[in-house]
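Spelled out from the first residue to the last, the chains are:
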Amino acid sequence: MTLFKVCILCGLSGESKQSRAHSPALGVHSFSGVQRFNLSSHNQSPKRHSISHSPNSNSNGSFFAPETEPIVPELCIDHLWTETVTNIREKNSQASKVFITSDLCGQKFLCFLVESQLQLRCVKFQESNDKTQLIFGSVTNIQAKDAAPVEKIDTMLVLEGSGNLVLYTGVVRVGKVFIPGLPAPSLTMSNTMPRPSTPLDSVSTPKPLSKLLGSLDEVVLLSPVPELRDSSKLHDSLYNEDCTFQQLGTYIHSIRDPVRNRVTLELSNGSMVRITIPEIATSELVQTCLQAIKFILPKEIAVQMLVKWYSVHSAPGGPSYHSEWNLFVTCLMNMMGYNTDRLAWTRNFDFEGSLSPVIAPKKARPSETGSDDDWEYLLNSDYHQNVESHLLNRSLCLSPLEVSQMKDEDFSQNLILDSSTLLFTHIPAIFFVLHLVYEELKLNTLMGEGIRSLVDLLVQLARDLKLEPYVDHYYRDYPRLVRTTGQVCTVDQGQTGFMHHPSFFTSEPPSIYQWVSSCLKGEGTPPYPYLPGICERSRLVVLSIALYILGDESSISDESSQYLSRITIAPQKCQAEPEENRFSFRHSTSVSSLAERLVVWMTNVGFTLRDLETLPFGIALPIRDAIYHCREQPASDWPEAVCVLIGRQDLSKQACEGNLPKGKSSVTQVLSSDVPSGTETEEEDDGMNDMNQEVMSLIWSEDLRVQDVRRLLQSAHPVRVNVVQYPELSDHEFIEEKENRLLQLCQRTMALPVGRGMFTLFSYHPVPTEPLPIPKLNLTGRAPPRNTTVDLNSGNIDVPPNMTSWASFHNGVAAGLKIAPASQIDSAWIVYNKPKHAELANEYAGFLMALGLNGHLTKLATLNIHDYLTKGHEMTSIGLLLGVSAAKLGTMDMSITRLLSIHIPALLPPTSTELDVPHNVQVAAVVGIGLVYQGTAHRHTAEVLLAEIGRPPGPEMEYCTDRESYSLAAGLALGMVCLGHGSNLIGMSDLNVPEQLYQYMVGGHRRFQAGLHREKHKSPSYQIKEGDTINVDVTCPGATLALAMIYLKTNNRSIADWLRAPDTMYLLDFVKPEFLLLRTLARCLILWDDILPNSKWVDSNVPQIIRENSISLSEIELPCSEDLNLETLSQAHVYIIAGACLSLGFRFAGSENLSAFNCLHKFAKDFMTYLSAPNASVTGPYNLETCLSVVLLSLAMVMAGSGNLKVLQLCRFLHMKTGGEMNYGFHLAHHMALGLLFLGGGRYSLSTSNSSIAALLCALYPHFPAHSTDNRYHLQALRHLYVLAAEPRLLVPVDVDTNTPCYALLEVTYKGTQWYEQTKEELMAPTLLPELHLLKQIKVKGPRYWELLIDLSKGTQHLKSILSKDGVLYVKLRAGQLSYKEDPMGWQSLLAQTVANRNSEARAFKPETISAFTSDPALLSFADYFCKPTVNMGQKQEILDLFSSVLYECVTQETPEMLPAYIAMDQAIRRLGRREMSETSELWQIKLVLECFSSRSHQERLQNRPKRGLLMNSEFLPVVKCTIDNTLDQWLQAGGDVCVHAYLSGQPPEESQLSMLACFLVYHSVPAPRHLPSIGLEGSTSFAELLFKFKHLKMPVRALLRLAPLLLGNPQPMVM
């Protein structure tokens, strides 16, 4: 005997609820002899885990295949102990199959199949109330060879030993399953095979039902029968023609693979059949009714009832969708004890023939000729009724046929209910829940057909139960359907006692409309009864009205609400009629927050727009009102579902994009430019084809500056070599002249790729199956006029060796930087791009560096990295080391540190073999260390780098060439490692970092080298005589910048004073003028907060001696002076100015600050004037060019990404200068400025974070290479580190309807700072935003687009993710507005203003102009079809005018969703006028609308916010009210009063007036006649008395005025 501990895990909530089974029912018999449970279906294989957590599963294709989650078990079984079994027979009785099934009433069973004993053992179990325990019931054994659960319909299929398939629900047998084409095993012995339509043996049923319905066995519809409900079920069952079912001896062997309601049968001959078990019901109406009845009946009876219904429903042939309801009514009424054959309205039910042989009792076969009965049958059929009321009937003026009253003598004797039937005692309960279902269906406009069917049944039951109020209620809803008299079946008086009246039964019919109406009027109402899980709409409506109209916030929070009474089977304490609790309006909270609460709650309970559209318009009005409120000012962080509900597609799409992983968004499709492929084939690819034209044309719409930039930055076409041949030149000399000119131009061409990389930054998503296109660097020229080719390789002139190697490297970087960080790239693709030719290796090296900068190099396998480094190709190593480090910025990654250390001798142990590492690779590795350790203040690294700044030259000429760039790199790296730490360098005080750096900067005696490398530096170099002083020319730049970075933004005055420019001539002679630029820059970066954007501040950096004695460069004569060196002074002057300008560029990088721009622009202009000044030679043109380049770069930094025209003009001017001093370096600087200006095609800007400033210092180091292979002072590869400072800041509004970028007005609010108060600024997007940490909020401003607020005080994450996904911000045009592109000045939309002011022009509205107001296709076609006048309109004109003005109203007030409500109201009033109201639901809706607008809460809201738009036109409603009043008053005068009087006094009114009477009663809320006698109307003499008596009936005074004449016996109606 084995005992198990069982714990249940609820699959939905995922909380594990553990419990021990303490139930006494766990007796010996329940688990007799089970060794173990083989829960095969829930075993989690170890494999599954390795799949879901494998590292690759994320990168490739994980988006398409979501990772599999482990299956959550429903039930866990723990082994406690096993008892030995003596009985041999029980030993092998191990269960072969275990499953959990639940029966039709939701009781759960744990079933295990013991095959050896042909038994299925079912243990009933349920959770205890507190969900901690499982209570087990007794065990039921069912004979079975195999079994499988059919989950969808809560049953299980059991294969009996005899080969029969039987359907069980729980342990109740439903019936045999019969499969056409498969012989029924139990009958094979008998001589005949049964026909599929004949009943087989079945459970015995009570007489009346079996007499009528025959005894049907449950039969599966499996034969390929054309009568299947829909042909889609056929494909499950079309098996091969040659299938051998017919062979005798084929039987079902086992059952397997149950899914929902499908299951596979394995036959003994090895073939398999997939069968579908029919569902309980297919029509929604029947399903709902069954659910409600099942909910209210005791479980055993419910199961019996469902089993009976299932047997009838699934009979062979099966009912069709339409007749299912008729079948249900027949079946239900039979179970209640009715004889449906004798009831007038059920006997003509049309079962569409398929069931007639089964259901209708056998009649004598009529003669061939037919008889009159046939005609009568037709006239009485449902079909005839439908046709008679059809529109066509009226238009053809067919008179209705007189139906001879079906021989009434059949029905004259009253029918008596049979009290012995199954459901007889539960009739009142069933009636009540069906009534609640009826009220629920009234809240779904699509269920009109179903309601009408249900009314028939309810009226019959209400009459028989003698429930007058209910009959009256139905009559008021459906006056045409509910005749005042009808056939009544009497309930035997003796039997009434057996009827069980449940405690929740109320004598007054609950009415949802009435409940809402009372709430709107502020009257008290009893809580509304509600069936959990079935009447969900009623619950939703009740709670939302309580929340929004009554303002009770707690209504939605707690389950047991005072507004709802849950119906339960458990008998409640007998309570009197619930007293009316007065609902009061609470006004604690603002309307907007109530509306928000309501909308968020509704989405949480799963309410969608489709549900809203099916609510009747009067009920939906308060909800729509709340939605209208929320639509105006939604929060930007609402979940997607809420945004969909309030109709803000812009927000919902944004939310939806936000949930997608990066790079998977549909945004990239929105913003990807479609360049026609034709253009690319004709011209060479210049590497700029993939820019997003659409957005750029929005940003710079007035001119063609983008094409100009492309022209300036392309390097794929030959250049024009324009040389005039003078007569004295020989041809050979002329060719040489041309080639020399070309060589000059090539200096410029080779400098272009760096700028191009900036321009095309992150603009392309590569195709993983194609290599990245790298445009070729074209260094040839074309000479006019004959366009002859000029080539440098002709051998006529000397070309520097390796001239193009760095240019190719930059070209590779530029191509690689096009790849957006969000692209899908893997290691294989990177390797796949490796070129075949050796001469392209440099480009590939650049490509690798670019991949590092955009973060993709981390995907490259370590093996490949090793492979590339061992090749020993210098460029590849540089690119790879810098790339890897940039990708691991600030991570202190150990493996990368090892990789870099091999290339830096100082980081290797002293005894290690000297590796021959090329110098440039060492420089790259040192900067790499700085990047990997950025901001970490790692002590050992800092110590080594500090020593490396002053690394002396070695004895054997090592470290002797290009020492400056190594020292600079060590300084930059040290600055990065200690970035911004200032004096808080923890644990480094003994290193004296600032003092050491100061010494490197100003020179002095070399300190004894501490640290590891003592023995290396013992012998001095044999070539370079430095002695024991520091070579300042080498160490100063690195040390200066290191100080700047360590004390960045710390405003540390003492350090800043070290960096002051010397103020005596003697000291000035000691400092290189170039270094003054760096010192000024460093000083300003430290005193970050002192930088001011004006020229006065810039000049304040120049020491007094220079200011007083410096020559103005425009003067002609030079002042003579003995003790002043004018050259020194003027050079110092320009370099200090340039340094101050550069610091201004850093301080305002990417801000587009106007004062900074004007200031820098002035200095740039000044330097250009100096260059052409007569005495420029004193300062030296090279120095002036350097300063001009620096100022231009600063200007481009401030205006980064903005494409400013003035800066573009400067760049274009400098692009054209190619002679004289203009070397490769200056071109490089100018085109970098151009690239920064259009950074990423206008999508990127620069950040001023510490890390960005460090990267920009490396990239924009103000000493430019003299020629293309010059790396002496600064490694060229570092120029690309600007990428680390670039951040996406372009916000592109995209119209959510058209999915195209558009203009929108933004209001940006800045936080207050020490320089300015909190301010607001308006920007026209698409625009670059300021840095996010400066902002408080961003708002899309009206009036053209719906407002949208992004609040940054809650955190910038939301906005950052928008910006990183191409900056797409979805916006939605408001109705009546045109986009800024179509209507830049807003004049066309002025029309909207006039209409909104409601003057007479609204009447003269032409439907053609609607397109100016809305792009909604539904509204446009409405205008097209319903508002356009045609010839001879006649009376239609008035309707047209109405439609036009309604449409206008909806469009201008932004409430297009109210158009259907307006039209429905208009149609209803017209129908009322024609007296054709067959049902009063529309009148109810109008009444609710009127009450809603006159309700107290609405009035108060209007007073609080007078400006707010109205949901419905305030002029339309009074007209509606007035028209209805008039129509009803006319009816009263024309004889309606008699009718009303008859009704009130309880006589039957005349047939023709029934529907108008019902309209009158509903509209005026006239109480039912049963309430009237209690007040004693007879004695009333005056209206006042009546008023007093009617007070508690809550009847409106207007209605009383109309009734007064009848009640006071005064014949004149007092119509006001």
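To be clear, the structure that these remarks concern was listed above.
Let me sum up the structure you'll find in this document.

Reading guide: rules and limits
- Residues numbered from 1 in each chain as written.
- Predicted model: local features only at pLDDT ≥ 70, side-chain atom pairs only at ≥ 80, totals over all residues.
- Heavy atoms only, no water.
- Salt bridge = Lys/Arg side-chain N within 4 Å of Asp/Glu carboxyl O.
- Helix = DSSP H or I, 4+ residues; strand = E, 2+ residues; numbered from the N terminus.
- Buried < 20%, exposed > 50% of the residue type's maximum accessible area, 1.4 Å probe, protein only.
- Pairing = 2+ DSSP bridges.
- Axes fitted to C-alpha atoms, helices over the stretch in contact; angles between N-to-C directions.
- Core = buried A, V, L, I, M, F, W, Y, C linked by side-chain atoms within 4.5 Å.
- Contact = heavy atoms within 4.5 Å.
- Phe/Tyr/Trp six-rings, centres within 6.5 Å; stacked < 30°, edge-to-face > 60°.
- Parallel < 35°, antiparallel > 145°, perpendicular 65-115°, else oblique.
- Left-handed = near helix turned anticlockwise from the far one by under 90°.
- Nonpolar A, V, L, I, M, F, W, Y, C, P; charged D, E, K, R; others polar.

1. With respect to the pattern of salt bridges
Part 1 of the reasoning: Applying the stated criterion across every chain, the model contains 44 salt bridges.
Part 2 of the reasoning: Ionic pairing is found between R1374 and E632, a salt bridge with its closest N-O pair at 3.2 Å. Here R1374 is found in the loop between β31 (1368–1371) and α54 (1390–1396), whereas its partner E632 is found in helix α22 (residues 617–632), with 742 residues between them in sequence.
Part 3 of the reasoning: Residue classification places R1374 among the buried residues on the basis of a relative accessible area of 15%.
Part 4 of the reasoning: Accessibility expressed as a relative area gives 22% for E632, which makes it partly exposed.
Part 5 of the reasoning: Residues participating in the shared-partner salt-bridge network are E1307, K1320, E1322 and K1341.

2. Focus: the sheet that holds strand β14 (residues 272–276)
The pairing of strands in a sheet happens through backbone hydrogen bonds and is either parallel or antiparallel.
Part 1 of the reasoning: Taken in spatial order, the 3 strands of this open sheet run β12-β13-β14, and their pairing is antiparallel. The outermost strands of the open sheet, each flanked by one partner alone, are β12 (252–259) and β14. Between one strand and the next, the sheet's axes are offset by a mean angle of 25 degrees, whatever the strand orientation.
Part 2 of the reasoning: Here β12 runs beside strand β13 (residues 262–267); their pairing, made up of 5 bridges, is antiparallel. The partner of S254 across the bridge, within β13, is E266.

3. A few points about the nonpolar core
Nonpolar side chains tend toward joint burial in soluble globular proteins.
Part 1 of the reasoning: Ranked by size, the top nonpolar core spans 231 residues in total, and within it L157, L423, F431 and M1512 carry the most contacts.
Part 2 of the reasoning: Contact partners of L157, with chain neighbours within four places excluded, come to D146, A147, A148, V150, L165, V166, L167, V177, I255, V263, I275 and I277.
Part 3 of the reasoning: Formed by 214 residues, the second largest nonpolar core is a distinct cluster that contains M750, L851, L945 and L1278.

4. Describing the packing of aromatic side chains
Part 1 of the reasoning: In this structure the tally under the stated criterion is 30 aromatic pairs.
Part 2 of the reasoning: A ring pair is formed by Y470 and F505, whose centres lie 6.1 Å apart and whose planes are at 40 degrees; its orientation type is tilted. Placement of the pair is Y470 in helix α16 (residues 468–477) and F505 in the loop between α17 (493–496) and α18 (512–521), with a sequence separation of 35 residues.
Part 3 of the reasoning: F505 sits in the buried class, given a relative accessible area of 14%.
Part 4 of the reasoning: Centroid distance W806 to F809: 5.1 Å. Interplanar angle 70 degrees. Geometry classified as edge-to-face. In this pair, W806 and F809 are both assigned in helix α30 (residues 805–817), 3 residues apart and thus about one turn of the helix distant.
Part 5 of the reasoning: In this structure W806 comes out as buried when scored by relative accessible area, which is 4%.
Part 6 of the reasoning: Judged by its relative accessible area of 0%, F809 is buried.

5. A word on the sheet that holds strand β29 (residues 1335–1340)
Part 1 of the reasoning: Overall, antiparallel pairing links the 4 strands, which are arranged β27-β26-β29-β30 in an open sheet. With one partner strand each, in any of the chains shown, β27 (1320–1325) and β30 (1348–1351) form the two edges of the open sheet. The mean inter-strand angle of the sheet, taken between neighbouring strand axes irrespective of direction, is 20 degrees.
Part 2 of the reasoning: As paired elements, β29 and β30 share 4 bridges and run antiparallel to each other. Note that in β30 the partner of V1340 across the bridge is L1348.

6. Thoughts on the pairing of strand β4 (residues 97–102)
The side chains of a regular strand alternate, residue by residue, between the two faces of the sheet.
Part 1 of the reasoning: Bridge count between β4 and strand β5 (residues 108–114): 6 bridges; the pairing is antiparallel. By the bridge assignment, T101 is partnered in β5 with F109.

7. Re the packing of helix α56 (residues 1436–1452) against helix α57 (residues 1459–1473)
Part 1 of the reasoning: Contact geometry for α56 and α57: axes closest at 9 Å, N-to-C directions at 150 degrees. It follows from the interaxial angle that α56 and α57 lie roughly antiparallel. With respect to the hand of their crossing, α56 and α57 are arranged in right-handed fashion. Contacts between α56 and α57 involve E1438, I1439, L1442, F1443, V1446, L1447, E1449 and C1450 on the former and, on the latter, L1459, Y1462, I1463, D1466, Q1467 and R1470.
Part 2 of the reasoning: Tallied by class, residues from the contact of α56 with α57 come to 9 nonpolar, 1 polar and 4 charged.

8. Notes on helix α61 (residues 1554–1563)
Part 1 of the reasoning: For α61, the buried fraction is high: 10 of the 10 residues fall into the buried class.
Part 2 of the reasoning: All buried positions along α61 are accounted for by L1554, S1555, M1556, L1557, A1558, C1559, F1560, L1561, V1562 and Y1563.
Part 3 of the reasoning: Elements in contact with the buried residues of α61: α16, α57, α58 (1481–1494), α60 (1516–1544) and α63 (1597–1607).
Part 4 of the reasoning: S1565 sits one or two residues past α61 and shows a positive phi near 45 degrees.

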